Amino acid sequence: MANQKLKWGILGAARVNERLLPSIIEAPNSQLVAIASRRAGASKATFEKYAPRSADSVNCYDDMDSLINDKNIEAVYCPMANEEHAEWALKAIAADKHVLIEKPMALTVKDIEAIESAAKKANVKVMEGFMYRFHPQHKRVQEIVESGLIGEVLSARASYSFLMKQARMYRINRSMAQGGGAMWDIGPYAIHSLRWCFGQKGKPMEPKSVIAHAKLNEHGADIVTSGVLDFGKDAKGRARFGHFDISFERSRKSEYEIIGTKGWIKCHAAWVFQNDVPVISWATEDGKYAEERFAPSNHFTLEIEHFSDCVLNNKQPLLTFADARANCKAIEVVLQSVATNRMIACD
Ligand SMILES: NC(=O)c1ccc[n+]([C@@H]2O[C@H](COP(=O)([O-])OP(=O)(O)OC[C@H]3O[C@@H](n4cnc5c(N)ncnc54)[C@H](OP(=O)(O)O)[C@@H]3O)[C@@H](O)[C@H]2O)c1
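Each value, and the rule that gives it
- Residues numbered from 1 in each chain as written.
- Predicted model: local features only at pLDDT ≥ 70, side-chain atom pairs only at ≥ 80, totals over all residues.
- Heavy atoms only, no water.
- Near = heavy atom within 4 Å.
- Polar contact = N/O pair within 3.5 Å; in protein donor to acceptor, adjacent residues only side chain to side chain.
- Areas by Shrake-Rupley, 256 points an atom, 1.4 Å probe, with all protein chains shown as cover.
- Pairing = 2+ DSSP bridges.
- Helix = DSSP H or I, 4+ residues; strand = E, 2+ residues; numbered from the N terminus.
- Axes fitted to C-alpha atoms, helices over the stretch in contact; angles between N-to-C directions.
- Contact = heavy atoms within 4.5 Å.
- Buried < 20%, exposed > 50% of the residue type's maximum accessible area, 1.4 Å probe, protein only.
- Lys, Arg positive; Asp, Glu negative; His and termini not counted.
- Salt bridge = Lys/Arg side-chain N within 4 Å of Asp/Glu carboxyl O.
- Parallel < 35°, antiparallel > 145°, perpendicular 65-115°, else oblique.
- Left-handed = near helix turned anticlockwise from the far one by under 90°.
- Nonpolar A, V, L, I, M, F, W, Y, C, P; charged D, E, K, R; others polar.
- Disulfide = S-S within 2.5 Å.
- Phe/Tyr/Trp six-rings, centres within 6.5 Å; stacked < 30°, edge-to-face > 60°.

S.K.: What's the story with the site of the ligand in this structure? I'm lost.
M.R.: In the region of the ligand, 22 residues are neighbours, and Val16, Ser37, Arg39, Asn82 and Tyr170 sit closest. Here an oxygen atom of the ligand sits 2.7 Å away from a polar atom, N or O, in the main chain of Val16. Contact between the ligand and Ser37: an oxygen atom at 2.6 Å from a side-chain N or O atom of the residue. In isolation the ligand exposes 880 Å². Once the protein is present, 81% of that is buried.

S.K.: What is the right way to read the sheet that holds strand E4 (residues 75-78) from this model?
M.R.: By way of backbone hydrogen bonds, the strands of a sheet pair with one another, either parallel or antiparallel. Taken in spatial order, the six strands line up as E3-E2-E1-E4-E5-E6 in an open sheet, and their pairing is parallel. Looking at which strands have only one partner, the edges of the open sheet turn out to be strand E3 (59-61) and strand E6 (126-129). Direction aside, the axes of adjacent strands within the sheet are offset by 25° on average. Of the strand pairs in this sheet, strand E1 (residues 6-11) and E4 are connected by three bridges, and their pairing is parallel. Directly across from Trp8, in E4, lies its bridge partner Ala75. On top of the sheet, helix H1 (residues 17-26) reaches E1, strand E2 (30-36) and E4; it is set at about 135° to E2, its chief contact.

S.K.: When you look at the sheet that holds strand E13 (residues 279-284) in this model, what are you seeing that I'm missing?
M.R.: Spatially, E14-E13-E12-E11-E7-E10-E9-E8-E15 is the arrangement adopted by the nine strands of the open sheet, whose pairing is mixed. Across the chains shown, the open sheet's two edge strands, defined by having one partner strand only, are strand E14 (289-293) and strand E15 (344-345). Note that strand E7 (residues 153-161) and strand E10 (residues 241-247) share seven bridges and pair parallel. Of the residues in E10, the one forming a bridge with Tyr160 is Ile246. Helix-sheet contacts for helix H6 (residues 136-147) involve E7, strand E11 (253-260), strand E12 (263-267), E13 and E14, and the interaxial angle to E13 is about 15°. Of the strands in this sheet, strand E8 (209-216), strand E9 (222-230), E10 and E15 are in contact with helix H10 (residues 321-340), which crosses E8 at around 60°.

S.K.: So what exactly am I meant to see when it comes to the side chain of Asp222 here?
M.R.: With respect to the secondary-structure elements, Asp222 resides in strand E9. Buried Asp222, no salt bridge; nearest opposite-charge side chain is Arg174, N-O distance 11 Å. Looking at Asp222, its side chain comes within polar contact range of the main-chain nitrogen of Met183, at 2.9 Å. A distance of 2.6 Å separates a polar atom in the side chain of Asp222 from a polar atom in the side chain of Thr225. When sequence neighbours within four positions are dropped, the list of residues in contact with Asp222 reads Met176, Gly180, Gly181, Ala182, Met183, Ala214, Lys215, Leu216, Ile246 and Phe248.

S.K.: Hey, could you run me through helix H8 (residues 187-197) in this one?
M.R.: The α-helix winds at 3.6 residues per turn, so residues separated by three or four positions along the chain end up facing the same way. Judged by how many residues are buried, H8 sits mostly within the fold: eleven of eleven residues are covered. Taken together, the buried positions of H8 are occupied by Gly187, Pro188, Tyr189, Ala190, Ile191, His192, Ser193, Leu194, Arg195, Trp196 and Cys197.

S.K.: How should I be thinking about H1 in this particular structure?
M.R.: Among the ten residues of H1, seven are classified as buried, and the element is accordingly described as predominantly covered. Looking only at H1, the buried set comprises Asn17, Arg19, Leu20, Leu21, Pro22, Ser23 and Ile24. Along its buried surface, H1 packs onto E1, E2, helix H2 (42-50), E4 and helix H9 (299-312).

S.K.: I tried to follow the packing of H1 against H9 on my own but got confused; where do I start?
M.R.: The axes of two packed helices give the description: the angle between them and the distance between them. It is the contact of H1 with H9, at a shortest axis distance of 8 Å, that shows an interaxial angle of 55°. Judged on the interaxial angle alone, H9 and H1 are oblique. The two elements H1 and H9 meet at a crossing, and its hand is right-handed. On H9, the residues touching Arg19, Leu20, Ser23, Ile24 and Glu26 of H1 are His299, Phe300, Thr301, Glu303 and Ile304. Of the residues contributing to the contact of H1 with H9, the split by class is four nonpolar, three polar and three charged.

S.K.: Help me understand the state of the cysteines, please; the structure alone is not making it clear to me.
M.R.: Each disulfide is one covalent bond, formed between the sulfur atoms of two cysteines. Scanning the entire structure with this criterion turns up zero disulfides. Not engaged in a disulfide, the cysteine Cys267 finds its nearest cysteine sulfur in Cys197; these two sulfurs lie 9.0 Å apart. Taking relative accessible area as the criterion, Cys267 reaches 0% and is therefore assigned buried.

S.K.: Even after reading the chapter, I still don't get the packing of H8 against H10, so can you show me in this structure?
M.R.: Axis separation between H8 and H10 bottoms out at 10 Å; the angle between their running directions is 115°. Crossing angle aside, the handedness with which H8 passes H10 is right-handed. Contacts between H8 and H10 involve Pro188, Ile191, His192, Arg195 and Trp196 from the first element and Asp323, Ala326, Asn327, Ala330, Ile331 and Val334 from the second.

S.K.: Can you walk me through the packing of aromatic side chains in this structure?
M.R.: The way to describe two aromatic rings as a pair is by their centre distance and the angle between their planes. In this structure the tally under the stated criterion is eleven aromatic pairs. Note on Tyr132 and Tyr189: the rings are 6.0 Å apart at their centroids and 75° apart in plane angle, and the pair reads as edge-to-face. Highlighted residues: Tyr132 in the loop between E6 and H6 and Tyr189 in helix H8, separated in sequence by 57 residues. Overall, Tyr132 belongs to the buried group, its relative accessible area being 0%. By relative accessible area, which is 7% here, Tyr189 ends up buried.

Below is the structure:
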């Protein structure tokens, strides 16, 4: 299937298409064939805005069902509002489409299980769209941690924030339980990063308990949330805590840091923008310090290429259902902790 291209459709004229839509066009094993929106004219406007120089002819639908039922489409990208992901992923799977679902895959573990079971039955691939994992900087961080350079990992910190603009306030006009707020928006990155900071042998570690605190707006959406994930003690009885801190009130930040018994390592920007030079830095107790810079690469395009390759060549996607379930479970526990103001066990 060397020269084959996977035919993609996009469900929704969402803002994130600014990065994702050009990536489907750029990925050598992918072809964008349609985009749909429920707002008349929005799909055409989105395509023209984000792919002004594209020579491809793309169907621009003013309803979602036409795209779901388009027999020419093999894979669907779902960047709809968080609370709509499960419903539309299930519809796409029922139409035998492979689905890349923006993070969070769904708002409950139960919904993820329903998506998993439907995908197995229909024999289609589904992946949660954590684009950041496809940037080579994270693999390098893992390599360094696994080399033992910073010793045993005992602490990690993840901090994600951006300033929510007035025009985008419709995204936080509903409660956390309905998918609104920072925890469902940038929280998935913070929890995912921390689970992988403590990861071993290619698998993330799962927290044993969580305590979190939030500032909510008048709709019950969190604007700032901060908390601690307790990953339990290591073999020598030392504490392993992961600290997260997310906000819609602060300047853009997307960093995580891992602190071990012999040193630390930091990823300065997990959301790599077009002109950013990705850099990681590390230091050790014995005085070594380094900054490692990476050649430009677009993690959205790498994500699309990966998913298309998995479908075309029947490979297992890098991000699994088990990972999506565990991330969702941890977020569910964070929300319980915020609601009750108590530490909550994860089992
Ligand atoms: N991977 C990333 O870097 C990244 C970045 C941002 C967001 N995300 C994720 O991607 C998904 C979409 O996020 P987003 O920020 O791009 O969402 P968004 O622009 O708010 O769009 C979400 C949905 O809302 C509708 N919509 C768009 N603009 C609207 C408007 N002005 N008024 C009313 N409805 C509107 C669209 O559906 P219709 O076209 O059918 O109306 C769209 O599918 C979320 O799940 C989010 O968590 C990922």
